[in-house]
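Summary of the model geometry
These are the residues of each chain, in order.
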Amino acid sequence: WCVRCVRESTPIRRSGVCIDHVHARRNATHHNTHTHAHNAHTMADDEAPYASDSGSDYSDDDAHIGGDEEVVMGDMNGEASLNVDVGSSLTSADWADIDNSDLVAKVRGSAGFRIMREIQPWDGALASPPDLLKKHVFEYFYCQRKDSDFYKALAKECFPSEYEHAGVDKDTKKRLSNLWAGAVIDELKARRDDAKHTLRWLNAIKEAQAADLLFLKREALAHGEGSVQAIAGKLVWDNVSNRIKDQTFAAMHLCTNKSGAQSGGVARMYKHQHELIEQLDKHYGAIARAKEASKPLPKPLHVILSTPTGSGKTFTAILVHLRLLKVKYPDAILLYSVPTKQVLKRVGQECEAHAVPYWTAARDHSGDGSLHQVRRPYSIRDKARNKKALRAARAIGEKVTAGSGTIQQQLEYAADVGHKLKDHGAGKPDIIIADLHTTASMLKAAALENESSFFHASKILLYFDEPNMGIHLDPNVLGVVSSIQANMPATAVLASATLGAWEGLEPWWRGPSDANQITISMEPYELPMAKLAVFNEGTSEFTPLSPLNLFENYAEYQRVMEDYRLPTLLLRHLTGRQGNDLMEIQPPGGEWSKVQGDVKALRLAIEPLLTELDQKEFERLQSRWKTGEDAPTKVDGIRGALSKEGVTMVGCLDPRKIAFELAGFGNQEAWIADVHKLNNKLKEAERMVKENAKAEKRKKKDDEDDAKDGDDGAVGIVTLRPMLKISLAEALEADINTLVMLSKGIAYACGSGTEPMVKRLYNQALLTVPDSLRGRSPPLNVLVVDYSSIYGTDCPAVDTLLLQEDLGR
């Protein structure tokens, strides 16, 4: 069956498209524009696989083959259905997504990559919070006392004995009289890391903006009543305007209101990350000591890492490898079991960026499903170190394609070839990224291996990402997860936002033997604020929705507030105004004691206020939170609900269809005009390429290099919109309607059927960092996704999430 015309057709190409549509695709650019528009909703994958840009001399034939395994909810009546990707076989186009140099460069340029290199231990593990260099702080305040009553008060009240001594001791007075603020700051800067904290604190005193006041409050709380930090913070608060105070009360509800990199400080681990690494270190250390003493091994360690969505489960896995396994236990292999292909590719990109020797393993869907493929990525194949071995690749047994086989055969083959070709890791990966079914097969095989084998169960750390995804939708998935649990290695981490603690799970989750089972959790008090709203397509009204207005009546509110988890999840949906209403903070201004220097502490303070409202107060706030900034507003259709500054992610069942609707496909006259414009742009680009080729032929050999300078970067490149460029070859291969959609700043991703070029650009958009845009709109500012693509997706530039009603149903 042809996936485009949904009819039987012969012959069928590898991508599932009949020959008629292949020829139609090749000629699409030059066909009648009305035909292009008419066929926009029937496009499928591009025929040619997207070539890897890794520069390898090897072919990409050893990439995984086969398609995604999906759980399909719905019937065959033509309506869109829910597709949940729970398998992860990779095509060559998927491999291009993983090791694409642009994507990897974006990962390396992200804040997460920098934080991974700089991250410090959890601040709760510190013996004491960092203190100020008080001698320099006093000097900074004292030398400005004559210019400012504010600094005079700071010096006098924060350092009463030093201030009094300076007034009576001639030598001290003389020394201080020769100082000025700039000299004190220069002296602190010369002390480098030792003075960083003090410099930041003094800058907060000087600037006194909302973020500075929140930082001063955190410092005051950390050092306690009567400290220099507490006294100075109160003085600064009393000195600022009500406008700054109101901004502070609004900013304290944001997720950036906490210590660490988010607020300009030192990046530190979360408590759950620190605890996980500490538990694993103790466990591996106990195993090593038992082996040395020839004593029985300790019980297996099985950890549930219960953390909310967005808390960085992938980051935590890479952190465990870089900060623990790589440094202290290099024989251990982290087996990362991924829930979806999107997550697999994201983990692969992180491994590429951090230069981690990794393999991927996936089931071969082309057969009966019992065979697997293990792939060594190009990045770990070090050809420069062993060119002779590369030339002799055939002699040592490396095939053009690794083919498929049992998981034991594939692992042993990859290890053998990797060792002989001197891969990074010398034939042993630090991380194996595997789909669900391959994880199950690998754990079964590992349990039967000799202890000397590099993938014996004792050497595997299973990191099972979202183990309960899809188990309620398909009994086959449940069976595979049960198999994984039945063969859990001695060390395993089950990372999930929804799994819960061991005590509440069914017995089959507990594994094959008695184990030390612990739960490390992170309550969702620090999640980013997420404002709720309903968009009514019929009336084009955009209505903000408060947590209280989710309830039909007071009885329903009481019922939900009795739940142990739901009230905590609702806290992130309170706006600053609503949270301040509950805390009885009314502008203008407010008391310093009401300022919370940490969003977690703030939400913990608000939680009982939210859950214990009487009926009168409930109804009053329900009514109040429908007015002012929370009142409904008219917008210009669904496009009016999209973000004006960041990226909007639209969740639906049929991403392709919705993407074209948002791009304006319904307005055929305007659409056809856009097709004409784009066709003319492509023709002009083709003409320039041909002219450039002819010109180069005419050039003499001695000035060829000069001729190539200048135009080379522009020739063969098509600009669809500012900051969004593709190659002419890609453009000519793509459907013209897809190019028009992209030119509107819209891309989509779904479990299957996404064109490689669209997929590549979508992945680039996920890595867009808001700060790098400098106020400009992102090149792709609308990403339309289905459930499989949104699951596990991380995009720092997304500030609006629009969920279509059909996805909820």
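Our structure is the block above this text.
Worth saying up front: this structure is predicted, and the values here are computed from it rather than measured.

Take the environment of Ala663 next. Counting through the fold element by element, Ala663 comes out in helix H27 (residues 655-663). Residue class for Ala663 comes out buried when judged on its relative accessible area of 5%. For Ala663 and Leu742, which are 79 residues apart along the polypeptide, the C-alpha to C-alpha distance reads 8.3 Å.

One can find Ala601 in helix H25 (residues 599-611). Sequence separation between Ala601 and Tyr525 is 76 residues; the distance between their C-alpha atoms is 8.3 Å.

Moving on to the pattern of salt bridges. Under the defined criterion, the tally for this structure stands at 22 salt bridges. For Arg346, the salt bridge is made with Glu350, and the minimal N-O distance between the two is 3.1 Å. Of the two residues, Arg346 and Glu350 are both situated in helix H17 (residues 341-353); the distance of four residues between them amounts to about one turn of the helix. The exposure classification of Arg346 matches that of Glu350, with both residues buried. By sharing partners, the salt bridges in this structure join Lys135, Glu139 and Arg175 into a single network.

Once that is clear, we can look at the sheet that holds strand S9 (residues 491-496). Sheet architecture is open: eight strands sit in the order S6-S5-S7-S4-S8-S9-S3-S10, paired in mixed fashion. Two strands in the sheet have a free side with no partner beyond their single neighbour: strand S6 (372-375) and strand S10 (516-521). On average, each strand axis in the sheet is tilted by 15 degrees relative to the strand beside it, whichever way the strands run.

Counted according to the given criterion, the structure contains 23 aromatic pairs. Ring geometry for Trp237 and Trp592: centres 5.5 Å apart, planes at 45 degrees, overall tilted. With Trp237 in helix H13 (residues 228-239) and Trp592 in the loop between helix H24 (576-582) and H25, the pair connects residues that are 355 residues apart, well separated along the chain. Note on Phe551 and Tyr557: the rings are 5.8 Å apart at their centroids and 75 degrees apart in plane angle, and the pair reads as edge-to-face. For the residue pair Phe551 and Tyr557, the accessibility class agrees, reading buried in each case. Each member of the aromatic cluster is reached from another via a ring pair, and the members are Phe138, Tyr140, Phe141, Tyr142, Phe150, Tyr151, Phe159, Tyr163 and Trp201. Directly above the aromatic system of Phe215 lies the positively charged group of Arg200, at a separation of 3.9 Å from the ring centroid.

Taken together, the side chains of Glu537, Asp654, Glu661 and Glu805 make up a negatively charged region of the molecular surface. Mapped onto the secondary structure, Glu537 falls in the loop between strand S11 (532-536) and strand S12 (541-545). The exposure class of Glu537 is exposed, given its relative accessible area of 59%.

Below, the discussion takes up the nonpolar core. Of all hydrophobic cores here, the largest spans 65 residues; its most connected members are Phe141, Leu154, Trp201 and Ile205. Residues within four places of Trp201 in sequence aside, it is in contact with Leu132, Val137, Phe141, Phe215, Leu216, Glu219, Val228, Gln229 and Ala232. With 50 residues, the next largest nonpolar core counts Phe660, Ile726, Ile746 and Ala749 among its residues.

In this section: the sheet that holds S11. Pairing is antiparallel in the open sheet, where three strands are placed in the order S11-S12-S13. Two strands bound the open sheet, and with one partner strand each, they are S11 and strand S13 (633-634). With five bridges connecting them, S11 and S12 associate as antiparallel partners. Paired with Ala533 across the two strands is Pro544, which belongs to S12.

Cis peptide bonds are those with omega within 30 degrees of zero, and the linkage from Pro587 to Pro588 qualifies with 0 degrees. Considering the arrangement of structural elements, one finds Pro588 in the loop between H24 and H25. Of note in the backbone geometry, Ala208 takes a positive phi value of approximately 55 degrees without being a glycine. Along the chain, Ala208 turns up in the loop between helix H11 (196-207) and helix H12 (210-223). Residue class for Ala208 comes out buried when judged on its relative accessible area of 11%. Of note in this structure, Glu584 is not a glycine but carries a positive phi near 60 degrees.

Cut-offs applied
- Residues numbered from 1 in each chain as written.
- Predicted model: local features only at pLDDT ≥ 70, side-chain atom pairs only at ≥ 80, totals over all residues.
- Heavy atoms only, no water.
- Helix = DSSP H or I, 4+ residues; strand = E, 2+ residues; numbered from the N terminus.
- Buried < 20%, exposed > 50% of the residue type's maximum accessible area, 1.4 Å probe, protein only.
- Salt bridge = Lys/Arg side-chain N within 4 Å of Asp/Glu carboxyl O.
- Pairing = 2+ DSSP bridges.
- Axes fitted to C-alpha atoms, helices over the stretch in contact; angles between N-to-C directions.
- Phe/Tyr/Trp six-rings, centres within 6.5 Å; stacked < 30°, edge-to-face > 60°.
- Lys NZ or Arg CZ within 6 Å of the ring centre and 35° of its normal.
- Patch = residues over 30% accessible without salt bridge, like charges linked within 9 Å, V, L, I, M, F, W, Y side chains within 5 Å.
- Areas by Shrake-Rupley, 256 points an atom, 1.4 Å probe, with all protein chains shown as cover.
- Lys, Arg positive; Asp, Glu negative; His and termini not counted.
- Charge placed at Lys NZ, Arg CZ, Asp CG, Glu CD.
- Core = buried A, V, L, I, M, F, W, Y, C linked by side-chain atoms within 4.5 Å.
- Contact = heavy atoms within 4.5 Å.

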